Amino acid sequence: MIDTSLKLYSLLLLTLLCGLSGTAIATEYIYRDLMANTLPPQKCATRVEAEAAASDEYRLKKQERTFCESQGYGWHVEQRKSTGNLVCDECSDGADKGNFRCHKEDVVVQCKRIKPGSVGLIPGQS
């Protein structure tokens with residue numbers, strides 16, 4: 001008797017969860033691909049250190065987020081399509097040669113935003 005009621009309760013709970021999950025699928029998004037360059041650091045470093053800093057995953061994710069947020073309210077990073085090309089410029093002057101500033105050029109990021117009206121963002125419309 002207890003085993004049957006537990007199965008019935010589990011079945012009802014599963015049905016309820018499946019019914020509620022359909023509302024999340026209805027959300028529509030707008031996608032936009034952006035190509036941008038990362039910013040070079042302010043201080044110079046050796047070529048190896050500068051290349052490592054420019055290719056750092058944390059730094060790339062942080063600047064990708066800035067790329068999408070510059071599009072306006074509600075834009076977020078969906079995925080990185082291309083990491084871009086590494087570009088290094090020599091910044092040493094005088095006798096101290098061998099210092100560089102490196103950054104990434106042509107980084108392609110796909111940004112997304114919830115489509116207005118798809119989840120009740122416009123008052124008076126359903």
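Rules used in this analysis
Residues numbered from 1 in each chain as written. Predicted model: local features only at pLDDT ≥ 70, side-chain atom pairs only at ≥ 80, totals over all residues. Heavy atoms only, no water. Disulfide = S-S within 2.5 Å. Helix = DSSP H or I, 4+ residues; strand = E, 2+ residues; numbered from the N terminus. Pairing = 2+ DSSP bridges. Phe/Tyr/Trp six-rings, centres within 6.5 Å; stacked < 30°, edge-to-face > 60°. Buried < 20%, exposed > 50% of the residue type's maximum accessible area, 1.4 Å probe, protein only. Lys NZ or Arg CZ within 6 Å of the ring centre and 35° of its normal. Salt bridge = Lys/Arg side-chain N within 4 Å of Asp/Glu carboxyl O. Axes fitted to C-alpha atoms, helices over the stretch in contact; angles between N-to-C directions. Contact = heavy atoms within 4.5 Å.

Visitor: I keep staring at the state of the cysteines and nothing clicks. Help me out?
Guide: Two cysteines joined by a covalent bond between their sulfur atoms form a disulfide. Summed over the entire model, instances satisfying the criterion amount to 3 disulfides. One disulfide bridge connects Cys44 with Cys91, the sulfur atoms lying 1.8 Å from each other. Here Cys91 lies in the loop between β4 (85-90) and β5 (99-105) and Cys44 lies in the loop between β1 (29-36) and β2 (45-46), a separation of 47 residues in the sequence. At a sulfur-sulfur separation of 2.0 Å, the disulfide partner of Cys88 is Cys102. Judged by the torsion about the S-S bond (105°), the Cys88/Cys102 disulfide is right-handed.

Visitor: Which parts of the structure should I look at to understand the sheet that holds β2?
Guide: Adjacent strands of a sheet pair through backbone hydrogen bonds, lying either parallel or antiparallel. Judged by pairing direction, the sheet is antiparallel, and its 3 strands sit side by side in the order β2-β5-β4 without closing on themselves. Taken across any chain shown, the strands that pair with only one partner, and hence form the sheet edges, are β2 and β4. Relative to β5, β4 runs antiparallel, the two sharing 6 bridges. In the sheet register, Asp89 faces β5, and the bridge partner there is Arg101.

Visitor: How should I be thinking about the packing of aromatic side chains in this particular structure?
Guide: Both the distance between ring centres and the angle between the ring planes are used here to describe each pair of aromatic rings. Counted under the stated rule, the structure contains 1 aromatic pair. Here Tyr29 and Tyr31 contribute two aromatic rings whose centre-to-centre distance is 6.4 Å and whose plane-to-plane angle is 50°, an arrangement assigned as tilted. According to the relative accessible area criterion, Tyr29 is partly exposed, its value standing at 35%. Using a relative accessible area of 44% as the deciding quantity, one classes Tyr31 as partly exposed. Across the ring face of Phe100, the terminal group of Arg47 is positioned such that the distance to the ring centre comes to 4.8 Å. Here the basic side chain of Lys112 rests over the ring of Tyr29, its NZ or CZ set 4.3 Å away from the ring centre.

Visitor: Please clarify how the pattern of salt bridges should be interpreted in this entry.
Guide: Opposite charge on two side chains allows them to pair when their charged atoms are near. Using the criterion set out here, one finds 7 salt bridges in the structure. Between Glu64 and Arg80 there is a salt bridge; the shortest N-O distance is 2.2 Å. Note that Glu64 is positioned in helix α3 (residues 57-69) and Arg80 in strand β3 (residues 76-82), a separation of 16 residues in sequence. Judged by its relative accessible area of 24%, Arg80 is partly exposed. The partner of Glu78 in a salt bridge is Lys112, and the shortest N-O contact between them spans 3.2 Å. Separated by 34 residues along the polypeptide, Glu78 in strand β3 and Lys112 in strand β6 (residues 107-114) bring together distant segments of the chain. Classification of Glu78 by relative accessible area gives partly exposed; the value is 36%.

Visitor: How should I be thinking about the sheet that holds β1 in this particular structure?
Guide: Spatially, the 3 strands line up as an open sheet ordered β1-β6-β3, and their pairing is antiparallel. The sheet is open, and its two borders are formed by β1 and β3, each paired with just one other strand. Strand-to-strand twist across the sheet, computed as the mean angle between neighbouring axes with direction ignored, equals 25°. Here β1 runs beside β6; their pairing, made up of 8 bridges, is antiparallel. Bridging across to β6, Ile30 finds its partner in Arg113. The sheet contacts of α3 involve β1, β3 and β6, and relative to β3 the element is tilted by about 120°.

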